[in-house]
Amino acid sequence: MKGRPGSIRIASLHMLAALTITTLAAAQDKETPAEHFRATREKLTEEAQVQLKSEDLATVAWGAHTAAEFRLRICIPELRAQLRTKGPANKFVALALLDALIQTDASLPDEELQPFLQGTTTNSVLALILPRAKPNLPLLLEAYRKCHRGGVSYLRCGQALADAKAPGFALELLREPLWVVLTVWDPGEAANAPVAGLGYTTGCVKLRPPEGFPPCMQYGHGAGSRFQSEWLVDADSDMQSTAQTTARTTWMKQLLDKQAEPLQFDLMPIHNVDWAGLDALRAREQAERTRILAMHQALVLECVKAKLVTAEEVRGLVPQLRVFWIDARTGDHELITDIFGH
């Protein structure tokens, strides 16, 4: 067959392309869905491992995000290595790495997680250690100390420590400042007025990742509460809800396990007070201080008796009292509210 050389070459290329497509189609026909899945996963794993070894922060974060999204457990060594190297200073990289470690169900020693126990990474660390609370009790106790009162993390840490009857937790509760709330009402109204704590505040912390970074993944109440957000979870404080105002008393009763059942104690006393003048309010406050210190001393003795603390640990222990005044009166008057405590 005669023809121009260019035409022959083009025809040959078309035949080669057709043959290649036919061969690929045949190969795909022979590849089972399971084989295709394995090949895809292997490819993703290879790419993620390469990214995790990069010196570029955004590339490392994307490698971690890939490992998290596809739960690539084989990447755990690289994830841990980068977490140790990058540290808490690079918070968006740290959040991505911790997210991947949570999603791959990794188990890390305390010393690798300790630097991330405060700030934006707190909840991610809790999502890692709370499912394995008993082996992580010292780290959990340290996290509890760093949580702000009124936050979700505070409640989660405290409850886990109480459930595990963690050594040192009773001493921590005894050492914490006692918050006393005195709410002042118009004369004759205190007895029937609702009992409330310190109110609810919200602090918004923006967490917008830098350009080129993967989305910011966070955790609320556990590993199953993963969500994407540009606002920091748990940046609020609620010392008005019953769960918060009764938490420490509930935990202490749980630790004592009914051994101090006749003993009445409250680790966040809240009282309604009828207004009878500033001098009368100060006198009531002093009476409450005296009563609460006596209550606390009785509780300390019960904890020693229950072997939750040693006599040496609590020798000379006197709690710091912070008294808050909340003015709930109506009408025109000078406010006496002290929301910061004294």
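Above this text is the structure in question.
Parameters at a glance
Residues numbered from 1 in each chain as written. Predicted model: local features only at pLDDT ≥ 70, side-chain atom pairs only at ≥ 80, totals over all residues. Heavy atoms only, no water. Core = buried A, V, L, I, M, F, W, Y, C linked by side-chain atoms within 4.5 Å. Buried < 20%, exposed > 50% of the residue type's maximum accessible area, 1.4 Å probe, protein only. Helix = DSSP H or I, 4+ residues; strand = E, 2+ residues; numbered from the N terminus. Disulfide = S-S within 2.5 Å. Pairing = 2+ DSSP bridges. Salt bridge = Lys/Arg side-chain N within 4 Å of Asp/Glu carboxyl O. Phe/Tyr/Trp six-rings, centres within 6.5 Å; stacked < 30°, edge-to-face > 60°. Lys NZ or Arg CZ within 6 Å of the ring centre and 35° of its normal.

1. A closer look at the nonpolar core
In step 1: Leu79, Leu140, Phe169, Leu174, Met252 and Leu299 are the most contacted members of the largest nonpolar core, which has 87 residues in total.
In step 2: It is helix H5 (residues 91-103) that provides the largest number of residues to this core, a total of 10 residues.

2. Things to note about the state of the cysteines
In step 1: A full pass over the atoms with the stated rule returns 0 disulfides.
In step 2: Just so you know, Cys147 is unpaired, no disulfide at all, and the nearest cysteine sulfur is the one on Cys157, 4.1 Å from it.

3. A short note on the pairing of strand S6 (residues 270-274)
Regular strands place side chains that alternate from one sheet face to the opposite one.
In step 1: In terms of residue burial, S6 counts as a mostly covered element, since 4 of its 5 residues are buried.
In step 2: Where strand S1 (residues 178-185) lies against S6, 5 bridges are found, and the strand directions are parallel. Counterpart to Trp185 in the pairing with S6 is Asp274.

4. Structural notes on unusual backbone geometry
In step 1: In this structure, Asp105 takes a positive phi of about 55° despite not being glycine.
In step 2: You can see Asp105 is positioned in the loop between H5 and helix H6 (110-113).

5. Topic: the pattern of salt bridges
In step 1: Evaluation of the coordinates by the stated rule reveals 15 salt bridges.
In step 2: Glu312 is paired through a salt bridge with Arg315; the nearest N and O atoms lie 3.0 Å apart. Each of the two residues, Glu312 as well as Arg315, counts as exposed.
In step 3: We note a salt bridge from Arg329 to Asp327, for which the minimum N-O separation is 2.8 Å. Here Arg329 and Asp327 have matching classes, each one buried.
In step 4: One salt-bridge network, held together by shared partners, links Glu69, Asp99 and Arg226.

6. Focus on the packing of aromatic side chains
In step 1: Summed over all chains, the structure comprises 6 aromatic pairs.
In step 2: Between Tyr144 and Trp251, the ring centres sit 6.0 Å apart and the planes meet at 70°, which makes this aromatic pair edge-to-face. With Tyr144 in helix H8 (residues 137-146) and Trp251 in helix H12 (residues 247-256), this residue pair connects regions lying 107 residues apart in the sequence. For the pair formed by Tyr144 and Trp251, the shared burial category is buried.
In step 3: Relative to Trp251, the ring of Phe169 has its centre 5.9 Å away and its plane inclined at 50°; by these criteria the two rings are tilted. You can see Phe169 sitting in helix H10 (residues 169-175) and its partner Trp251 sitting in helix H12, a full 82 residues away along the chain. Trp251 matches Phe169 in its accessibility class, with the two residues each being buried.
In step 4: What links up through ring pairs into an aromatic cluster is the set Tyr144, Tyr154, Phe169 and Trp251.
In step 5: The aromatic ring of Phe265 is capped on one face by Lys253, whose charged end is 5.8 Å from the ring centroid.
In step 6: Over the aromatic face of Trp275 sits the side chain of Arg329, whose NZ or CZ is 4.2 Å from the ring centroid.

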